[in-house]
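Listed below, chain by chain, are the residues.
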Amino acid sequence: MKQKNGLWGKILLVLTAIFFYAPIVYIMIFSFNGSRSLTKLNGFSLQWYEKMFSDRTMMQAIFYTIAIALLATVISTVVGTLTAIGLSRSKKILRNVVEQVNNLPVMNPEIVTGIGLLMFFSAIGIKKGFGTMLLAHVMFCIPYVILSVMPKLRSLDPNLADAAMDLGATPLQALWKIIVPQITPGILSGALIAFTMSFDDFVISYFVTGNGVNNISILVYTMSKRVNPSINALSTLVIAMITLVLIMINIIPMIQEKRKKRKDETVL
Amino acid sequence: MKSFQRISYPYILWMTLMIVAPMLLIVLYAFTTQGNDVTTFRFTLENFARFFQDAVFLDVLKRSLIIAVATTVICVLLGYPIAYVIAQHNPKNQMRLVLMVTLPTWINMLVRTYAWMGILQDDGIINSFFSLVGLGPVKLLHTTFAVILGMVYNFIPFMILQIHTSLTKMDQSLLEAAEDLGANRVESFLRVTLPLSLPGVISGITLVFLPAVSSFFIPKLLGGGQYVLIGNVIETQFLTSGDWNFGSAISLIMAVIIILSMYLAKKVDRSPESLGGGSKG
């Protein structure tokens, strides 16, 4: 069964890898190009990075993207986790209704969510800008947090928290010391999804922003109409940042585990 | 003990405001005339009539559907063999290969789409290769080909992952049983593996079709400014012409199409399973 991978299978996988990664590598290479061309390489230079770092709108977009991603991640992780804990103890009907409504932004085309929020913000008279973009990001991030925390809560023994409170713990202590430690993996993966969803978002941000507040995606979209190699530098920066986050997410648990092992060994 | 119930209440309020209210606004705007203020609504079907009576919009709808279907079909035809080959590896390598498929999806879709602009240009890397073998520059960028390529590139990981999951969930002993009963490899693939992986294909189809039919930046970047799909029409109504009522109506039409196609996909999903169960018994 396992040895059916012939030459064709290998070729297919190599072609897949090339298809997936060639554009990413291409844009990174051309960000160091010596000329404006997007098609011909003329020596190595860092001029597009210099241009990017001296470009106010680009630096602002980077700032807004990171600021909103961090804020949206923190808010949606806290709110999403608490909501999931609350829901896990609520009546089934309420839980089902909330889960169904939560699925709407996950299932809906992003453009529909975007225009809905655009009309909502203007209906209640909030000025479009940083605030609306943050609200929108929190709105579409929370469902993902709930979706990744919920399954962990389902496998949790509900009596543990009750037992802790019977033994004199306050509800807050029971929450923080009994429930949260047991669902930490779900919370962390929810936070990671929230961060990358927010960091990468284009469609919804595009519709709810205003007042000159742009994130990186919106900037790439509006600038890509003209040849501008600084976009390559910006894109490379985005790729590097997300790769760094992913590496950190993957390496931190490994280091922790190693430390834990070493600790265990010394105890033994 | 119900002590934690109440901590979900604030979110229920937030959810009603931020998820439900915007959806209701879309429906409200779609069925009312432009320019009314919040207090006086005039209900109408004009917005829908305008869409279905205009050949230009119908053409756009048709093109969007054709491109979305083409993208979905290509994703199945390419994604299935890739998922199948991945599923043949040992678990450790499978994990690595799945990671290889997933990693690009973590990177900004817009950035990855933008990258194709340089590759597909008239003097880009593909055309340089063509000229090496003596073919003239082929126009790639700003064509339907480029739009479909961009969509397949962005959405095929979802298809591969879904099919891969359903293939790994499959009970391997069924294949051995088929072999013992004299089926050759093609037969056991067609009669065991394929039917059992169909749910994965179906959920992959919905995951590809939905963003493909509503995408508006892929046609804009790779199809050029003149290339209009349904998503671009909605974008124009909201951000350029400011006709929110008409834009809402088009979004509703698109939503109905998506819901219908999902319903159809689910129906197809159910029938082979019941069929398979029947023939086995």
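Here the structure is a predicted model, which is why all the values come from computation and not from measurement.

Rules behind the numbers
- Residues numbered from 1 in each chain as written.
- Chains lettered and ligands numbered in written order.
- Predicted model: local features only at pLDDT ≥ 70, side-chain atom pairs only at ≥ 80, totals over all residues.
- Heavy atoms only, no water.
- Helix = DSSP H or I, 4+ residues; strand = E, 2+ residues; numbered from the N terminus.
- Rg over C-alpha atoms; globule rule 2.2 N^0.38 Å.
- Buried < 20%, exposed > 50% of the residue type's maximum accessible area, 1.4 Å probe, protein only.
- Contact = heavy atoms within 4.5 Å.
- Areas by Shrake-Rupley, 256 points an atom, 1.4 Å probe, with all protein chains shown as cover.
- Lys, Arg positive; Asp, Glu negative; His and termini not counted.
- Charge placed at Lys NZ, Arg CZ, Asp CG, Glu CD.
- Patch = residues over 30% accessible without salt bridge, like charges linked within 9 Å, V, L, I, M, F, W, Y side chains within 5 Å.
- Salt bridge = Lys/Arg side-chain N within 4 Å of Asp/Glu carboxyl O.
- Axes fitted to C-alpha atoms, helices over the stretch in contact; angles between N-to-C directions.
- Parallel < 35°, antiparallel > 145°, perpendicular 65-115°, else oblique.
- Left-handed = near helix turned anticlockwise from the far one by under 90°.
- Nonpolar A, V, L, I, M, F, W, Y, C, P; charged D, E, K, R; others polar.
- Buried area = accessible area lost by both parts, 1.4 Å probe.
- Phe/Tyr/Trp six-rings, centres within 6.5 Å; stacked < 30°, edge-to-face > 60°.
- Lys NZ or Arg CZ within 6 Å of the ring centre and 35° of its normal.
- pLDDT = per-residue confidence, 0-100.

Student: Just to check I follow, could you spell out the overall build of chain B for this structure?
Tutor: Helix and strand counts for chain B come out as twelve helices and zero strands. Listing every helix and strand of chain B by position from the N terminus yields α-α-α-α-α-α-α-α-α-α-α-α. On C-alpha atoms alone, chain B measures out to a radius of gyration of 24 Å, which is more than a quarter above the 19 Å that the 2.2 N^0.38 rule sets for 281 residues. Expressed along its principal axes, the backbone C-alpha trace of chain B runs to roughly 75 × 75 × 40 Å. By the burial criterion, 48% of the 281 residues in chain B qualify as buried. Counting only contacts in chain B whose residues sit at least 6 apart along the sequence, the fraction spanning at least 24 positions is 67%. As displayed, chain B offers around 13900 Å² of accessible surface, 68% of which is attributable to carbon and sulfur atoms. Placing the 18 positive and 15 negative side-chain charges of chain B at their respective mean positions leaves the two points 6 Å apart.

Student: Is there a simple way to explain the overall build of chain A in this structure?
Tutor: Within chain A, the regular secondary structure consists of eleven helices and zero strands. Reading chain A from its N terminus to its C terminus gives the helix and strand order α-α-α-α-α-α-α-α-α-α-α. In terms of overall size, chain A is more extended than a compact globule, its C-alpha atoms giving a radius of gyration of 23 Å where 268 residues would be expected to give roughly 18 Å. If you line up chain A on its principal axes, its C-alpha atoms span 70 × 60 × 40 Å. Residue pairs at least 24 apart in sequence account for 71% of intrachain contacts in chain A once pairs closer than 6 positions are excluded. As displayed, chain A has an accessible area near 13400 Å², and 68% of this comes from carbon and sulfur atoms. For chain A, the distance from the average site of its 24 positive side-chain charges to the average site of its 12 negative ones is 7 Å.

Student: Please clarify how a nonpolar patch on the surface should be interpreted in this entry.
Tutor: Residues and elements named next belong to chain A. On the surface, L7, W8, I11, V14, L15 and I18 cluster together into a nonpolar patch covering about 690 Å² of accessible area. Note that I11 resides in helix α1 (residues 7–30). According to the relative accessible area criterion, I11 is partly exposed, its value standing at 36%.

Student: Is there a simple way to think about the packing of helix α4 (residues 91–106) of chain B against helix α7 (residues 144–169) of chain B in this case?
Tutor: Axis angle and axis distance: for two packed helices, these are the angle between their axes and the distance between the axes, and together they describe the pair. All names here are of chain B. Remark: α4 packs on α7, axes separated minimally by 9 Å, with the N-to-C direction vectors making an angle of 155°. Our classification of the angle between α4 and α7 gives roughly antiparallel. Judged by the sense of rotation from one axis to the other, the crossing of α4 with α7 is left-handed. Within the contact between the two elements, α4 uses Q94, V98, V101, T102 and T105 and α7 uses P157, I160, L161, H164 and T168. The residue makeup of the contact of α4 with α7, split by class, is five nonpolar, five polar and no charged.

Student: Whenever I open this one, the interface of chain B and chain A confuses me. Can you help?
Tutor: By convention, interface size is frequently given as the accessible area that disappears when the constituent parts associate. Between chain B and chain A, the contact holds 78 residues from the first and 83 residues from the second. In terms of surface lost to chain A, no three residues of chain B exceed F4, W106 and Y114 of chain B, which account for 12% of the buried area on that side. On the surface where chain B and chain A come into contact, there are zero salt bridges. Residue contributions to the side of chain B that touches chain A peak at 15 residues, all from helix α1 (residues 9–30) of chain B. For the side of chain B that touches chain A, the residue count by class is 58 nonpolar, 15 polar and five charged.

Student: Just checking my understanding: could you explain the packing of aromatic side chains for this structure?
Tutor: We describe a pair of aromatic rings using the distance from one ring centre to the other and the angle between the two ring planes. Residue and element names in this part refer to chain B. All chains considered together, the criterion is met by 31 aromatic pairs over all chains. Directly above the aromatic system of F246 lies the positively charged group of R50, at a separation of 3.8 Å from the ring centroid. Sitting over the ring of Y227, R63 keeps its end group 5.6 Å from the ring centre.

Student: Could you clarify how one ought to interpret the pattern of salt bridges in this entry?
Tutor: A side chain of one charge can pair with a side chain of the opposite charge when the charged atoms of the two come close. Residue and element names in this part refer to chain A. Tallied over the full model, the rule gives four salt bridges over all chains. In this structure, the salt-bridge partner of D162 is R89, at a minimum N-O distance of 3.4 Å. Of this pair, D162 sits in helix α7 (residues 159–166) while R89 is found in the loop between α3 (56–88) and α4 (92–107), placing the two residues 73 residues apart along the sequence. Accessibility assignment for this pair places D162 and R89 in one class, buried.

Student: Where do I start with a negative patch on the surface in this structure?
Tutor: Negative charge collects at one region of the surface, where D171, E176, E179 and D180 of chain B lie side by side. For E179 of chain B, the location among the structural elements is in helix α8 (residues 172–180).

Student: Just to check I follow, could you spell out the environment of A161 of chain A for this structure?
Tutor: For A161 of chain A, the location among the structural elements is in helix α7. Considered as a pair, A161 of chain A and V180 of chain A are 19 residues apart in the sequence and their alpha carbons are 10 Å apart. Contact partners of A161 of chain A, with chain neighbours within four places excluded, come to R89, A174, I178 and I179 of chain A together with F4 of chain B.

Student: Got a minute to help me understand the environment of V147 of chain B in this structure?
Tutor: Mapped onto the elements, V147 of chain B comes out in helix α7. The contacts of V147 of chain B, once residues within four sequence positions are left out, are I67, I218, P219, L222, G223, Y227 and L229 of chain B.

Student: Help me out: how do you make sense of the side chain of N232 of chain A in this one?
Tutor: Relative to the assigned elements, N232 of chain A resides in helix α11 (residues 230–267). Take N232 of chain A: its relative accessible area is 2%, and that puts it in the buried class. When sequence neighbours within four positions are dropped, the list of residues in contact with N232 of chain A reads I27, F30, S31 and L38 of chain A together with Y114 of chain B.

Student: Would you mind showing me how to read a positive patch on the surface here?
Tutor: A cluster of basic residues, K258, R259, K261 and R262 of chain A, forms a positive patch at the surface. You can see R262 of chain A is positioned in helix α11.

Student: How should the confidence of the model for chain B be read in this particular structure?
Tutor: Low pLDDT marks regions whose predicted coordinates should not be analysed in detail. Residue and element names in this part refer to chain B. Residues with a pLDDT of 70 or more make up 93% of chain B, whose mean pLDDT is 88. For residues 273–281, every residue scores under 50 in pLDDT, and the model assigns this stretch one contact once sequence neighbours within four places are set aside. Scored as a whole, the predicted complex attains pTM 0.89, and scored at its interfaces, ipTM 0.88.

Student: Even after reading the chapter, I still don't get the confidence of the model for chain A, so can you show me in this structure?
Tutor: With 97% of its residues at a pLDDT of 70 or more, chain A shows a mean pLDDT of 90. Of all secondary-structure elements in chain A, the lowest mean pLDDT belongs to α11 of chain A, at 82, while helix α9 (residues 203–208) of chain A reaches the highest, 96.

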